[in-house]
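Chain residues, written in single-letter form:
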Amino acid sequence: IDTGVRFDHPDLLRGGAGDGGRLLPGYDFVSEVNSANDADGRDADASDPGDWVSMADTSTTEFKDCTVANSSWHGTRVVGILGAITNNATGVAGLTWSSWILPVRALGKCGGTDSDIEAAMLWAGGIHVAGVPDNPYPANIENLSFGAPGSCPQSYKEIISQLTARGVLIVVSAGNDGGPVSAPANCPAVAAIAGLRHAGTKVGFSNLGPEIALGAPAGNCVNITAGSACVYSLDTTYNLGTTTPTTNGYTDQTTTNLGTSFSAPIVSGIAALMLAVNGNLKSSELILPCSDRPE
């Protein structure tokens, strides 16, 4: 659940098109037209049109509190970590290669609303959402690479309870503020993921708290001077467009990719591999320490 995805990226691609891709059609839950940035509200197109914020945008009431920025292609970067095509002599390899991937768009320009995110979570897990066709491919794992400061909202608690009752594992980034765990990673019954540096300890920007279930690589930049390459960036799929999509490509040590947003899909990808081996595993068993996991 993210900003959508670039289906045309050669290391991602749609499933069922004879090209080896595993991306399902998904759905777009961004309801506000200006935030959606694709001339309409909710629809069956989960592609990412770009989420750039211009100076002119910040002069409007809707985006006055937003930061001017180029398009992030955040969902495409997350999906690349999770499941970029393997053994195709192209780009990078994702963490899982046995699972279908369902891109659900809930974030647009300047983020997203709780109501859109909550609807996306329900729909992704196979729960009916009014006004939207039911999801024919309910997810076993939901990856949420976003968050905000504050305690877990009651509305999220209720939705997470519905999803976990159906056996859905919800994996959430802890956040990058170097402080307490963000919401919804601090909600009960989710797997909150902290970020690790290359040496295996927590990276400085990662949030941390008792809610953390696991840590996974988040990338970091060390021993560099201003303008130097980032030594430990996490390479993944990307688009080079600063606003609308242009050429597909990859992040690298110059176009860096850092954050707990990318720790979460590492965990989601490993959990998907585990389910591919043993489909009877419950969501709680997927994140148990090895010593506590049933034989």
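Presented here is a report on the structure given in the accompanying data block. The structure displayed is predicted, hence computed values, not measured ones. (Residues numbered from 1 in each chain as written. Predicted model: local features only at pLDDT ≥ 70, side-chain atom pairs only at ≥ 80, totals over all residues. Heavy atoms only, no water.)

**So, the nonpolar core**
Moving on, step 1. One finds Ile-1, Phe-29, Val-104, Met-121, Trp-123 and Ile-170 to be the most contacted residues of the largest nonpolar core, which totals 33 residues.
Moving on, step 2. Looking at this core, the elements that each hand over two or more residues are helix H4 (114-124), helix H5 (154-165) and strand E4 (169-173).
Moving on, step 3. Of all the elements, H4 adds the most residues to this core, at 7 residues.
Moving on, step 4. Not counting residues within four places of it along the chain, the set of residues in contact with Ile-170 comprises Met-121, Glu-142, Leu-144, Ile-160, Leu-163, Thr-164, Val-190 and Ala-191. (Core = buried A, V, L, I, M, F, W, Y, C linked by side-chain atoms within 4.5 Å. Buried < 20%, exposed > 50% of the residue type's maximum accessible area, 1.4 Å probe, protein only. Helix = DSSP H or I, 4+ residues; strand = E, 2+ residues; numbered from the N terminus. Contact = heavy atoms within 4.5 Å.)

**A word on the side chain of Thr-251**
Moving on, step 1. Checked against the element boundaries, Thr-251 lands in the loop between strand E8 (248-250) and helix H6 (263-277).
Moving on, step 2. On the basis of relative accessible area, Thr-251 is assigned to the buried category, the value being 3%.
Moving on, step 3. At a separation of 2.9 Å, a polar atom in the side chain of Thr-251 contacts the main-chain amide nitrogen of Thr-236. (Polar contact = N/O pair within 3.5 Å; in protein donor to acceptor, adjacent residues only side chain to side chain.)

**Overview of the state of the cysteines**
Moving on, step 1. Applying the stated criterion to the full structure yields 3 disulfides.
Moving on, step 2. Here Cys-66 is linked by a disulfide to Cys-110, with a sulfur-sulfur distance of 2.0 Å. Its S-S torsion of approximately -110° makes the covalent link between Cys-66 and Cys-110 left-handed. Of the two residues, Cys-66 sits in the loop between helix H2 (55-58) and helix H3 (74-83) while Cys-110 sits in the loop between strand E2 (104-105) and H4, which places them 44 residues apart along the sequence.
Moving on, step 3. By relative accessible area, Cys-66 is classed as buried at 14%.
Moving on, step 4. By relative accessible area, Cys-110 is classed as partly exposed at 42%.
Moving on, step 5. Through a disulfide, Cys-221 is tied to Cys-230; the S-S separation comes to 1.9 Å. Across the S-S bond of Cys-221 and Cys-230 the torsion is about -100°, and the bridge reads as left-handed. (Disulfide = S-S within 2.5 Å.)

**Details of the sheet that holds strand E3 (residues 141-144)**
Moving on, step 1. An order of E3-E4-E5-E6 is seen for the 4 strands of this open sheet, with the pairing classed as parallel. Looking at strand neighbours, the two that pair on one side only are E3 and strand E6 (212-217), the edges of this open sheet. On average, adjacent strands in this sheet sit at an angle of 30° to one another, irrespective of strand direction. (Pairing = 2+ DSSP bridges. Axes fitted to C-alpha atoms, helices over the stretch in contact; angles between N-to-C directions.)

**A closer look at the packing of H3 against H6**
The packing of two helices is summarised by the inter-axis angle and the distance between the axes.
Moving on, step 1. In contact at an axis separation of 8 Å, H3 and H6 are set at 35° when each is read in the N-to-C sense. At the point where H3 passes H6, the crossing takes the right-handed sense. Residue-level contacts link Val-78, Ile-81 and Leu-82 of H3 to Pro-265, Ile-266, Ser-268 and Gly-269 of H6. (Left-handed = near helix turned anticlockwise from the far one by under 90°.)

**So, H5**
Moving on, step 1. Compared with the 16 Å implied by 1.5 Å per residue over 12 residues, the 17 Å span of H5 between its first and last C-alpha is a close match.
Moving on, step 2. Taken together, the buried positions of H5 are occupied by Tyr-156, Ile-159, Ile-160 and Leu-163. Within H5, the buried residues cover an arc of 100° as seen down the axis, which keeps them to one side.
Moving on, step 3. Taken together, the buried residues of H5 touch H4, E3 and E4.
Moving on, step 4. Two residues or fewer past H5, Gly-167 is found with a positive phi of approximately 90°. (Expected span 1.5 Å × (residues − 1). Arc of directions from axis to C-beta.)

**Quick word on the layout of surface pockets**
Moving on, step 1. Its boundaries defined by the atoms lining it, the largest pocket holds a volume of some 990 Å³.
Moving on, step 2. In this structure, the largest pocket is lined by 42 residues; those nearest its centre are Leu-107, Gly-111, Ser-145, Phe-146 and Gly-147.
Moving on, step 3. Where the lining of the largest pocket is concerned, the elements lending two or more residues are H3 and H4.
Moving on, step 4. When the residues that make up the lining of the largest pocket are grouped by side-chain class, the tally is 17 nonpolar, 19 polar and 6 charged.
Moving on, step 5. In this structure, the second largest pocket spans a volume of roughly 740 Å³.
Moving on, step 6. Lining the second largest pocket are 37 residues, with Trp-100, Leu-102, Ala-139, Asn-140 and Ile-141 positioned closest to its centre.
Moving on, step 7. Mapped onto the lining of the second largest pocket, the elements with two or more residues apiece are H3, E3, H6 and helix H7 (283-286).
Moving on, step 8. A breakdown of the residues in the lining of the second largest pocket according to their chemical character gives 22 nonpolar, 11 polar and 4 charged. (1 Å grid on protein atoms, 1.4 Å probe; cavity = no way out; pocket = protein on both sides within 12 Å on 5 of 7 lines; lining within 4 Å. Points joined across faces, edges and corners; volume = space filled by probe spheres on them. Nonpolar A, V, L, I, M, F, W, Y, C, P; charged D, E, K, R; others polar.)

**Quick word on a nonpolar patch on the surface**
Moving on, step 1. On the surface, a cluster of nonpolar side chains totalling about 220 Å² of accessible area is made up of Ile-224, Val-231 and Tyr-232.
Moving on, step 2. Structurally, the position occupied by Val-231 is in the loop between E6 and strand E7 (237-239).
Moving on, step 3. Of the residues examined, Val-231 reaches a relative accessible area of 34% and is grouped as partly exposed. (Patch = residues over 30% accessible without salt bridge, like charges linked within 9 Å, V, L, I, M, F, W, Y side chains within 5 Å. Areas by Shrake-Rupley, 256 points an atom, 1.4 Å probe, with all protein chains shown as cover. Salt bridge = Lys/Arg side-chain N within 4 Å of Asp/Glu carboxyl O.)

**Points about the side chain of Thr-236**
Moving on, step 1. With respect to the helices and strands, the residue Thr-236 is situated in the loop between E6 and E7.
Moving on, step 2. Within the structure, Thr-236 has its side chain in polar contact with the backbone oxygen of Arg-77 (distance 2.8 Å).
Moving on, step 3. Discounting chain neighbours no more than four positions away, the residues touching Thr-236 are Thr-76, Arg-77, Gly-80, Ile-81, Val-92, Gly-249, Tyr-250, Thr-251 and Asn-257.

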